[in-house]
Amino acid sequence: MLKDIDKDKSIIYSTCDNCNKDIATSYDGKTDIAYLEEFSEYENFSLNHCDCGSMEVINLNLYYEEVDELFLSVNNLSEDEKSQRRVIKRLFEDLNFEKIG
Ligand SMILES: [Zn+2]
């Protein structure tokens, strides 16, 4: 689960959904997101593997509106989901891809 992002250091902080271990993933220099014609979507963003073998990926195909505060306030999302979307929104701001939303 996504916890936080440090945009100055280009690091995403998460915890493993399987064993709850804290994981830090650097995205320094990995900000160009490829568009996959075959699937008509952007590639997923993979976080570092946990020692237990579990790995989380971030779906980058959310529309920008779906991570916006207005969307978060009017839709019945869990607090965990909201906080994760806030991390994704801040990650979006650091990535180089043409928004589809
Ligand atoms: Zn784990």
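Computed from a predicted model, the values in this text were never measured in an experiment.

## A few points about the coordination of the zinc ion
Alright, step 1. Distances from the zinc ion to its protein donors, C16 (SG), C19 (SG), C50 (SG) and C52 (SG), fall at 2.3 Å.
Alright, step 2. In this structure, the zinc ion is coordinated by four donor atoms arranged in tetrahedral fashion, with angles at the metal of 101 to 120°.
Alright, step 3. Mapped onto the polypeptide sequence, the residues donating to the zinc ion form the spacing pattern C-x2-C-x30-C-x1-C. Within this pair, whereas C16 is found in the loop between β2 (11–15) and β3 (22–26), its partner C50 is found in the loop between β6 (45–46) and β7 (57–58), the two being separated by 34 residues in sequence.
Alright, step 4. The class for C16 is buried, based on a relative accessible area of 5%.

## Section: unusual backbone geometry
Alright, step 1. Positive phi, normally seen in glycine, also occurs at N20, with a value near 70°.
Alright, step 2. Examined against the element boundaries, N20 turns out to sit in the loop between β2 and β3.
Alright, step 3. Using a relative accessible area of 58% as the deciding quantity, one classes N20 as exposed.
Alright, step 4. Here the phi dihedral of S40 falls at roughly 55°; this positive angle occurs in a residue that is not glycine.
Alright, step 5. Tracing the backbone through its elements, the reader meets S40 in the loop between β4 (35–36) and β5 (41–42).

## Some thoughts on the pairing of strand β1 (residues 2–6)
Alright, step 1. Pairing of β1 with β2, which is carried by four bridges, proceeds in the antiparallel orientation. Of the residues in β2, the one forming a bridge with D6 is I11.
Alright, step 2. Linking β1 to β2, which pair antiparallel, is a turn of four residues; within it S10 sits at a positive phi near 55°.

## A few points about the sheet that holds β2
Alright, step 1. Across the sheet, three strands lie side by side as β1-β2-β3; this open sheet has antiparallel pairing. Two strands in the sheet have a free side with no partner beyond their single neighbour: β1 and β3. Taken pair by pair, the neighbouring strands of this sheet meet at an average axis angle of 20°, ignoring direction.
Alright, step 2. By the bridge criterion, five bridges tie β2 to β3 in an arrangement that is antiparallel. When the bridges of β3 are listed, Y13 appears paired with A24.
Alright, step 3. Packed onto the sheet, helix α2 (residues 79–92) meets β1 and β2 and runs at close to 30° relative to β1.

## Describing the nonpolar core
Alright, step 1. The biggest cluster of nonpolar side chains holds 18 residues, and the ones touching the most others in it are I12, F45, I58, L60 and L91.
Alright, step 2. Listing elements by their share of this core, those giving two or more residues are β1 and α2.
Alright, step 3. The element best represented in this core is α2, accounting for four residues.
Alright, step 4. Other than its neighbours up to four places away in sequence, F45 contacts I12, Y27, K30, I33, E56, V57, I58, L60 and L95.

What counts, and where the lines are drawn
- Residues numbered from 1 in each chain as written.
- Predicted model: local features only at pLDDT ≥ 70, side-chain atom pairs only at ≥ 80, totals over all residues.
- Heavy atoms only, no water.
- Donors = N, O, S within 2.8 Å, 3.2 Å for Na, K, Ca; no water.
- Tetrahedral: all angles 85-135°; square planar, octahedral: opposite > 155°, others 65-115°.
- Helix = DSSP H or I, 4+ residues; strand = E, 2+ residues; numbered from the N terminus.
- Buried < 20%, exposed > 50% of the residue type's maximum accessible area, 1.4 Å probe, protein only.
- Pairing = 2+ DSSP bridges.
- Axes fitted to C-alpha atoms, helices over the stretch in contact; angles between N-to-C directions.
- Contact = heavy atoms within 4.5 Å.
- Core = buried A, V, L, I, M, F, W, Y, C linked by side-chain atoms within 4.5 Å.

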